[in-house]
Amino acid sequence: MIKYILTLISLSLSISILIFSCKDSSEDVIFTKCNECDSIEKLLQKSSIGTSVEERSKYLIEAYELCGSIKQDSLRVNYLFKVSVKLLRNREYEEFKKVNTDLLKYSKDNNDSMKIADSYWNMGLYYSQIEVLDSAFYNFSKARFIFKELGNPYYTAKMEYNIAYLLRRSKNYINSEVYVFRSIKNLTNLNKEILLYR
């Protein structure tokens, strides 16, 4: 009987502490917005619409220039990443390289490991597309190392696949197989076997 009463008292005390310690979290939410953010978003949208390559490039360069005046580092990094990816997709290589270099610098300043790895990944894609395979290998390897350190086996596997592809293109078939098997092992452990067939 005493155990029952003590249990009820402790349960009611726990519930009351939980209720009174909770506060309206909407007071703590700070929506970070900058003057440039809306303009950058509009330019990014314009760069996606069926315009010519020159117009898309112009919008992306304008967006990049606006990124420089964003005060908050994490916002600047996120927008630089978006601009960088779009420039790479548009094959605007010189502009991409400039934006991605800034992205890498600000990501390192901000200690944003994911964006650092993403920056190396994109640089690897860039070098792969322009057929500088040793530089592509270097950048994919840097990205792989960071993803592995972050404990992200999915992106580690993607980098291993990219490295395997580069090694195959370089006719280094044995090491290519090593990286393919590493990638397969990571994807299998994640139950992502469907990706093996894409």
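Scroll up a little and you will see the structure.
Residues numbered from 1 in each chain as written. Predicted model: local features only at pLDDT ≥ 70, side-chain atom pairs only at ≥ 80, totals over all residues. Heavy atoms only, no water.

When its secondary structure is counted, the protein chain shows nine helices and zero strands. In the protein chain, the order of α-helices and β-strands from amino to carboxyl end is α-α-α-α-α-α-α-α-α. Across the 198 residues in the protein chain, those meeting the buried criterion constitute 35%. Intrachain contacts of the protein chain at a sequence separation of at least 6 include 53% that bridge at least 24 residues. Of the roughly 12800 Å² that the protein chain leaves accessible, carbon and sulfur atoms contribute 56%. (Helix = DSSP H or I, 4+ residues; strand = E, 2+ residues; numbered from the N terminus. Buried < 20%, exposed > 50% of the residue type's maximum accessible area, 1.4 Å probe, protein only. Contact = heavy atoms within 4.5 Å. Areas by Shrake-Rupley, 256 points an atom, 1.4 Å probe, with all protein chains shown as cover.)

Attention now moves to the side chain of Arg56. On the secondary structure map, Arg56 appears in helix α3 (residues 53-67). Buried charge without a partner: Arg56 forms no salt bridge, and the closest opposite charge is Glu92, 7.1 Å away. Sequence-distant contacts of Arg56, defined by excluding residues within four places in its chain, comprise Ser47, Ile49, Thr51 and Asn90. (Lys, Arg positive; Asp, Glu negative; His and termini not counted. Salt bridge = Lys/Arg side-chain N within 4 Å of Asp/Glu carboxyl O.)

Attention shifts here to the pattern of salt bridges. With the rule as written, the count across this model stands at six salt bridges. The closest approach of N and O atoms between Glu41 and Lys82, which form a salt bridge, is 3.3 Å. With Glu41 in helix α2 (residues 35-46) and Lys82 in helix α4 (residues 73-89), this pair connects stretches of sequence that are 41 residues apart. On the accessibility criterion, Glu41 (28% relative accessible area) is partly exposed. Assessed through its relative accessible area of 37%, Lys82 is described here as partly exposed. Taking the shortest distance from any N to any O, the salt bridge between Arg144 and Glu160 comes out at 3.1 Å. Pair noted here: Arg144 is in helix α7 (residues 133-149) and Glu160 is in helix α8 (residues 153-169), with a separation of 16 residues, a long-range link. Judged on exposure class, the residue Arg144 and its partner Glu160 are both buried.

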